[in-house]
Amino acid sequence: MSDNLLLSRILDEDVAALKASGAFDEEWYVNEYPDVRQSGIDPARHYLWLGMRLGRKPSAGKGATPALLAAAPVVAAPAAVPQPDPVKEPTQPPAPPAPEENRDVGLIEKARKLFAPRRDKTRDSVYDLVAEHFDEEFYLTTYPDVAAAGIDPIRHYLDAGWHEQRDPSLLFSTRFYMDNNPDVVAAGVNPFFHFIAAGKAEGRHGKHQLGFRWDILAKLKPVADQIAEMKSHRGPATISPPAMLDAALQSGLAGARKLVVSFSHDDFTRHVGGVQLLLRRELQLFRDLGDAHVHLYPEYPLPFIDASGEAISLGVLVNGKHAGFHRARDIAAVLGRALPAGLKGNFVIHSLLGHNVDQTAELLASCGLTEGLLWLHDYSPIYNNFKLLRNDVEYRGFPREGTIARQLCEFARADFCHAREFSKLFDRFRIRLVSPSQAALDVWQDAGVLRAASDHVVEHVTLVPEGASAASAEAAARPLRIGFLGYPAVHKGWPVFQELVLRLRDDPRYEFHHLGKGRVGGLPVEYHEVSASETSPDAMRAAVAAAEIDVVLLWSIWPETFCLTAYEAIAGGAFLVANPDSGNVAAAIAKTGQGVILPDEAALNAAMEAGTLAAHARSRRTVTRFRMDYSALSLELLD
Amino acid sequence: MRVLCFSSFTFSYLNRARVLYQSLRRHHPDWHLVALMTDRIPEGMTLDLSQEPFDEVVWQDELGFENVNAWLFQHDIVEVCTAVKGPFIEMATKRDFDAVMYLDPDTCLFNPLTPIVELLETNDIVLTPHLLNPEEERTAIIDNEICPLWAGIYNLGFVAIRTTGEGARFASWWAQRLRDFCHDDPAKGLFVDQKWCDHVPVFFDKVHILKDPGYNTASWNVSQRNITIDDNGNVRANDGLLRFWHFTKLGPLGDVMTRRYAKDQIVVYELWRWYREQVAQATSAAVPDRYWAFGQFEDGTPIERAHRLLYRDRQDLQAHFKDPFSSDFVAWLRAEGRIAA
C-alpha cells in the first residue's frame, strides 16, 4: 500500500493529458476540496494521485469516469484500480474495463501496476489491523503535509504520525489515549493499534468524553495572546498613494445625492458570506439612489476592536471599487477636501471589528458626519466576544459586570472593553441601532449597556408563505435526511452534527447531508457544494429543496442575530431543529412553527435515539413553501 | 454573629490561601480571617499583613505546646497542618466570637456562606459529607464511596461550630485527639483530623450534616452535581447556588480526577481554569518551590517519613533528643545507618 500512493509515481504526461481533456475544472476542484490548496500540490496531479482514490469528482455535476477515461486513460476508472487489501493475500486484479471505454489498454495496465499493493513491505500484523480502522481520507485531508509528501498515510501514522500525536480517524485521539494510558506509552506500543487490539475490549476510551466545548476551552488563550498571534501572521501594512484615493473620490462623489460612509470587518466585494452579500445588495441600493458610497474595512481583519492605538491600514472602496489602503487620518484629510460643499451624509456601521474606535470617530467628525446607523449583526458593540459566548463555549445571557459568568470569561479579562470603546461613539454621535431581528434587539436591550437614539428592527429577509404541498409518500419511506447547512463552524453547531453522524452512522433510520462549503473528510455524510452569490442568492434554499432534506440541524450555540440559513432551510421545506440559546433561529421556529426547539444536546440525542424527531418532521401532512423577500437594509431607515 | 474563619497551611500553599481569603473578604467583609501557619517565613521574604487578604497570622509556637518542635517533628506536612486545626479551634472558642469556621486553603467561595451562619443559630456543629448519594459505576464506587470508608465520611476541608455548648465540647475533644493521634495511618483506622469526625454525630448533639450540593463540591462528588451558569450569571450546583468549591490537587492528578467525574460539564473546567490563573497571580516569587521550613533538619538534610515515625514511636529518642531537628539527632540517625552516609 505504501509505494502505490507515491505522488512521484504520477507522470507529468498524465497530468498534462488530464488538464488538456477539459474534464478537470481546477477552480472548482480546489474550492470543493479546501485541503488541496493547503497541500500545495498541483490540483490536477492531486486528483490523479489522491482525489480519484477518495472518490472525488474532477468537476461540478459530471461523473468523473467517462470523460476521464477518454482523456486520461492512465488513471482510468476507480474500478480499474485494484484497492489494496491489507488482510487477504493479493488476488488477481479485476479485468480491465471494456476496450470501448479505453483508448489505451496499455496505459490501464500501467495504472494497475502503479497502484498494485506491495505486500512484501506491508506484511505486518500491526499495519493490517490498523489499516482496517484507519480513515485515509480523514488523515490526508486533516494533515495536508502528509498528502503533500505523497506517502502512505497508514505507514506515516505508524512510523511518525502517532509520535506527533496525529489522529488516525475522527473516532480516536492519539493524544488523549496516550495521556490517559501511561501503561501503553511505557510499552511503546502504537496507541491506535493497542486500542483496537486490546484497549477497547478492556473498556478504555479512544477519545475523550468531555464534549467539543472542552476542546475549545483547552485551546482558548488569553485575548492579548490571541491578538498577538493573529498580528504575528500579518504582512506589512499597505499604504497606497493618497492620489489614488483622491482620484477615486473626485469621480465617485461627483454629482452624488448624498454621502454614505460605511464600515465592516472585511472587503465585502472579495469575501463570500452572509453579511458580505447583504453589503453588496446595500451598495447597489445606494447606488440606485445616486448616493456616493465610501466603505472602509481593516486591511487585516481581527475578531476584536483594535484598541492598541496603532494606526490601522484601512481598505477603501469607493462605490464598490478599490481605492487603495490608507490610514484613517489620511482618509479623513482626502475625503474632507474632496467633499462637495453642502453634500450631506450618514454613516452606517456594519462592524468595527479590526477598526480602532478613536480613529473611526475622528474620521467621522472630520467629514462632518454627525449621525448614522449601527447594525447589530453581532454583539461586538457590547462584549469582547462578539458572539456573546462565555469563554467561546456557552451563551447564558449577557455576562454582566460583577457576575461569576463574567469573572470566569477570558474575553472579559482583556485589557480593553468593547462596550467602553463603543460608548465613545455613542457619546459623540447620534446613533440609531438597527437589529436584524427582534431576538437580537431583546438581547441588546436586556444587556442595557449602550443606549442608542432609537432602536429598530429591519429583518434582512421575511418569509412569505407560498402555499403548501403534500408531504411526499416517498419521503416517508426512505431514511430521514438530516442536513447541516453552511460552513462547518463550531458556533453553528457543527460538532454536535458531527457527533450525531458518528454515533448514528449505521442507523438505517437516518441519512446525513452537508450542504455548503468546507467539506469535512472522514465522515459518512453526503456533501453538496452550495455557494450563494448575488446572481444566485437562492442557492441554499434551492439546494435544500432539491436534496429533499427533511430536517436541518441548526444547533447554533450563540444567540444568532439573524441567521439567513434558518430562513433558507424553512423556505426549502425543511423542519428545523435548534436549541433555546440560538437567538433568532429559535425565534424563527417559534414564529413559523417549522421546527422544534430542544432544551439541550442530551434531549437532541434522546430524540434521535427514540426517533421522535422523525415523527415530528413527518407528522406534517403538508410542507409549507416560503418565498424569501429581501429588505432594503439600511435604506429602510435612511430614506 | 461574630465569625472567625481560618485556614491552615504552609508557605507553599500561601498562593491558594490568598485566593480563598480574597473570596472570603468579598463575600464576608465582616468576618475575622486567620491564617494558621505551620512554617517559617522564607529567607528574603516579608509577610506584610496589610498587603494580605487575612487579618491575623497564628504560628505553630502560639498553640500552647510545651515542646512544639518535638511534637511537630512527629508529623509530616499533611499531618501537622491538619493537627494544628484542633488546638487552634479550641483556642478560638475561647476568644470573642460566636462561631468559628475552618476552610481548607484550596477551597474558594463563589457565593456567601450566610446559610451556614443561619444553621448555627440552631445547631452547634456543621459538617459536609464527601458524598451525598450512592455511586453507580464501579470506578466511582472505588474512588468516591470506598475512599471515605477509610479516610472519613465527612470532608474536613470544612467545619463550622458555635463557640459554646456542643461546639466548644467538640473543639476540646478534637484538639485533644489531634495532639496525640493526627496520623495518616489507615491500617490503624486513622486518617489525620478527618477520620475522627466519623464519631461526631454520635458523640455530640446539635450536629447538622449539610447535604446541600452547593457546599464543598470537588472531583469526588461532582459526578452527582450538575454545575451550571444560570441566567443571572451565577454558578449553581443542581438547583441551588454553588457556595464553595474544593480545588483539591491542583495539577495533573487533580485534572485526571476532574475529567473522570465532571465529564462534559464545561463550567467545571471554566472554574478550574479561572482558579489556576488566580493562584498563579497570587504566587510570590519569594517562596521557593515546595518550600517548608520543617522538611529538613537544621543542617539541611531532608527528613524522611521513616525518621518522623521512628521518633514518634520511640519515647527514649523523644527524651534524649529534645529538639529532633538538631544535628545531634542527624548524627545519631547517620550512625544507625538510617541516613545514607
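Residues numbered from 1 in each chain as written. Chains lettered and ligands numbered in written order. Predicted model: local features only at pLDDT ≥ 70, side-chain atom pairs only at ≥ 80, totals over all residues. Heavy atoms only, no water.

## With respect to the overall build of chain B
- When you go through chain B residue by residue, the secondary structure sums to 13 helices and 14 strands.
- For 341 residues, the compact-globule formula gives about 20 Å, and the C-alpha radius of gyration of chain B, at 20 Å, lands near that figure.
- Taken along its principal axes, the extent of the C-alpha atoms in chain B is 65 × 45 × 45 Å.
- For chain B, with 341 residues in total, the buried portion stands at 58%.
- Across chain B, the fraction of contacts at a sequence separation of at least 24, relative to all contacts at a separation of at least 6, is 74%.
- Roughly 14500 Å² of accessible area belongs to chain B as shown, and the carbon and sulfur atoms make up 49% of that amount.
- Counting 35 positive and 49 negative side-chain charges, chain B places the averaged centre of each group 2 Å from the other. (Helix = DSSP H or I, 4+ residues; strand = E, 2+ residues; numbered from the N terminus. Rg over C-alpha atoms; globule rule 2.2 N^0.38 Å. Buried < 20%, exposed > 50% of the residue type's maximum accessible area, 1.4 Å probe, protein only. Contact = heavy atoms within 4.5 Å. Areas by Shrake-Rupley, 256 points an atom, 1.4 Å probe, with all protein chains shown as cover. Lys, Arg positive; Asp, Glu negative; His and termini not counted. Charge placed at Lys NZ, Arg CZ, Asp CG, Glu CD.)

## Here's the deal with the interface of chain A and chain B
- If you look at the interface, chain A gives 21 residues, while chain B gives 21 residues.
- For the pair chain A and chain B, the two sides together bury roughly 1900 Å², of which 57% comes from carbon and sulfur.
- It is Leu210(A), Ile404(A) and Leu408(A) that lose the most area in chain A upon contact with chain B, and together they represent 30% of the buried surface on that side.
- Where chain A meets chain B, there are three salt bridges.
- Applying the counting criterion to the chain A and chain B interface returns nine residue pairs in polar contact (both at pLDDT 80 or more). (Buried area = accessible area lost by both parts, 1.4 Å probe. Salt bridge = Lys/Arg side-chain N within 4 Å of Asp/Glu carboxyl O. Polar contact = N/O pair within 3.5 Å; in protein donor to acceptor, adjacent residues only side chain to side chain.)

## Observations concerning the environment of Glu56(B)
Residue and element names in this part refer to chain B.
- Looking at the secondary structure, you find Glu56 in strand E3 (residues 56–59).
- Those residues in contact with Glu56 that sit more than four places away from it in its chain are His32, Leu33, Val34, Ala35, Leu49 and Arg95.
- Here the side chain of Glu56 touches Arg95 through a polar contact of 2.9 Å, side chain to side chain.

## Here's the deal with the side chain of Asp135(A)
- Considering the arrangement of structural elements, one finds Asp135(A) in the loop between helix H8 (125–133) and helix H9 (136–142).
- Dropping the residues within four chain positions of it, Asp135(A) is found in contact with Pro168(A), Ser169(A) and Gly522(A).

## A few points about the confidence of the model for chain B
- Taken over all residues, the pLDDT of chain B has a mean of 96, while the share at 70 or more is 100%.
- Here the predicted complex carries an ipTM of 0.92, next to a pTM of 0.84. (pLDDT = per-residue confidence, 0-100.)

## Thoughts on the packing of helix H4 (residues 85–93) of chain B against helix H7 (residues 165–181) of chain B
All names here are of chain B.
- Two elements in contact, H4 and H7, have axes separated by 7 Å at closest approach and are oriented at 150°. When the interaxial angle is binned, H4 and H7 end up roughly antiparallel. As for the relative orientation of H4 and H7, their crossing is left-handed in sense. Across the interface between the two elements, Lys85, Gly86, Pro87, Ile89, Glu90 and Thr93 of H4 pack against Ala168, Ala171, Ser172, Trp174, Ala175, Leu178 and Arg179 of H7.
- In terms of residue class, the contact of H4 with H7 is made up of seven nonpolar, three polar and three charged. (Axes fitted to C-alpha atoms, helices over the stretch in contact; angles between N-to-C directions. Parallel < 35°, antiparallel > 145°, perpendicular 65-115°, else oblique. Left-handed = near helix turned anticlockwise from the far one by under 90°. Nonpolar A, V, L, I, M, F, W, Y, C, P; charged D, E, K, R; others polar.)

## What to know about the pattern of salt bridges
Residue and element names in this part refer to chain A.
- Summed over the entire model, instances satisfying the criterion amount to 60 salt bridges over all chains.
- Across the pair Asp12 and Arg45 runs a salt bridge, and its minimum N-O distance is 2.5 Å. Of this pair, Asp12 sits in helix H1 (residues 12–21) while Arg45 is found in helix H4 (residues 43–51), placing the two residues 33 residues apart along the sequence.
- As a salt-bridge pair, Asp538 and Arg541 come within 2.9 Å of each other at their nearest N and O atoms.

## Here's the deal with the environment of Asp145(A)
All names here are of chain A.
- Considering the arrangement of structural elements, one finds Asp145 in helix H10 (residues 144–149).
- Judged by relative accessible area, Asp145 falls into the partly exposed class, the value being 43%.
- Through-space distance from the C-alpha of Asp145 to that of Ile41 is 9.9 Å; in sequence the pair is 104 residues apart.
- One polar contact links Asp145 to Arg166, side chain to side chain, over a distance of 2.8 Å.

## Regarding the nonpolar core
- Counting residues in hydrophobic clusters, the biggest one holds 130 residues, and the most contacted among them are Phe512(A), Val577(A), Leu604(A), Phe110(B), Trp245(B) and Leu271(B).
- In terms of residue count, the dominant contributor to this core is helix H10 (residues 266–281) of chain B (nine residues).
- Excluding residues that lie within four positions of it along the chain, Val577(A) makes contacts with Val551(A), Val552(A), Leu553(A), Leu554(A), Trp555(A), Val596(A), Leu598(A), Leu604(A) and Leu613(A).
- Core analysis: the second largest hydrophobic core is formed by 92 residues, Val57(B), Leu127(B), Leu156(B) and Phe325(B) among them. (Core = buried A, V, L, I, M, F, W, Y, C linked by side-chain atoms within 4.5 Å.)

## A word on the pairing of strand E2 (residues 32–37) of chain B
Residues and elements named next belong to chain B.
- By the criterion of burial, E2 is predominantly enclosed, with six of the six residues buried.
- Sheet topology note: the strand E1 (residues 3–9)/E2 ladder contains six bridges and is parallel. Bridge pairing in E2 links Leu4 to His32.
- With respect to chirality, the unit in which E1 leads through helix H1 (residues 14–27) into the neighbouring parallel E2 is right-handed.
- Strand direction decides the pairing type here: E2 and E3, joined by four bridges, are parallel. Bridge pairing links Ala35 to Val57 in E3. (Pairing = 2+ DSSP bridges. Right-handed = clockwise from strand over helix to strand, strands pointing away.)

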